[in-house]
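Each chain, letter by letter, is given below.
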Amino acid sequence: MHDLLLTTKQAAQILGVSIAFLERDRWAGARVPFVKIGSRAVRYRHSDLLAYIESCTHYSTSEY
């Protein structure tokens, strides 16, 4: 099964951030992985978003 590709707007909704946050993230070094399709289209894999959320999960303030 192929992974679902999402637009920046859809990815922002899943992550609970603004579209501008994701645009700045891509410009600054992409903590959130993305896929570049052609010269302009940017998409996000649903599985990458879930992995990013998991990587940001902490259980104590002493973890970071």
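Notes on the structure in this doc start here. Keep in mind it's a predicted model, so treat the numbers as computed, not measured.

**Observations regarding the overall build of the chain**
Moving on, step 1. Along the chain, the regular secondary structure elements total 3 helices and 3 strands.
Moving on, step 2. Its helices and strands in sequence order give the chain the pattern β-α-α-β-β-α, from N to C terminus.
Moving on, step 3. Projected onto its principal axes, the C-alpha coordinates of the chain cover approximately 40 × 30 × 20 Å.
Moving on, step 4. Across the 64 residues that make up the chain, the buried fraction comes to 22%.
Moving on, step 5. Counted over contacts in the chain with a minimum sequence separation of 6, partners at least 24 positions apart contribute 44%.
Moving on, step 6. In the structure as shown, the chain presents an accessible area of about 4,900 Å², 55% of it carried by carbon and sulfur atoms.

**Observations concerning the side chain of Thr-8**
Moving on, step 1. Within the secondary structure, Thr-8 is located in helix H1 (residues 8-15).
Moving on, step 2. The class for Thr-8 is buried, based on a relative accessible area of 12%.
Moving on, step 3. Ignoring anything within four residues of it in the chain, the contact list for Thr-8 reads Ile-19, Leu-22, Arg-26, Val-42 and Tyr-44.

About the thresholds
Residue positions within a chain follow its written sequence, with the count starting from 1. Thresholds applied to this predicted model are a pLDDT of at least 70 for local features of residues and 80 or more for the giving and counting of side-chain atom pairs; totals over whole chains, interfaces and linings are not thresholded and use all residues. The basis for every side-chain value is the complete set of heavy atoms in the structure, and neither hydrogens nor water enter the calculation. A run of H or I in DSSP becomes a helix once it reaches four residues, and a run of E becomes a strand once it reaches two; helices and strands are each numbered from the N terminus. For the exposure calls, accessible area comes from a 1.4 Å probe over protein chains only, and a residue counts as buried if that area is under 20% of its type's maximum, exposed if over 50%, partly exposed in between. Note on definitions: a residue-residue contact is assigned when non-hydrogen atoms from the two residues lie within 4.5 Å. For the area figures, the Shrake-Rupley method with a 1.4 Å probe applies, and any residue is considered shielded solely by the protein chains shown.

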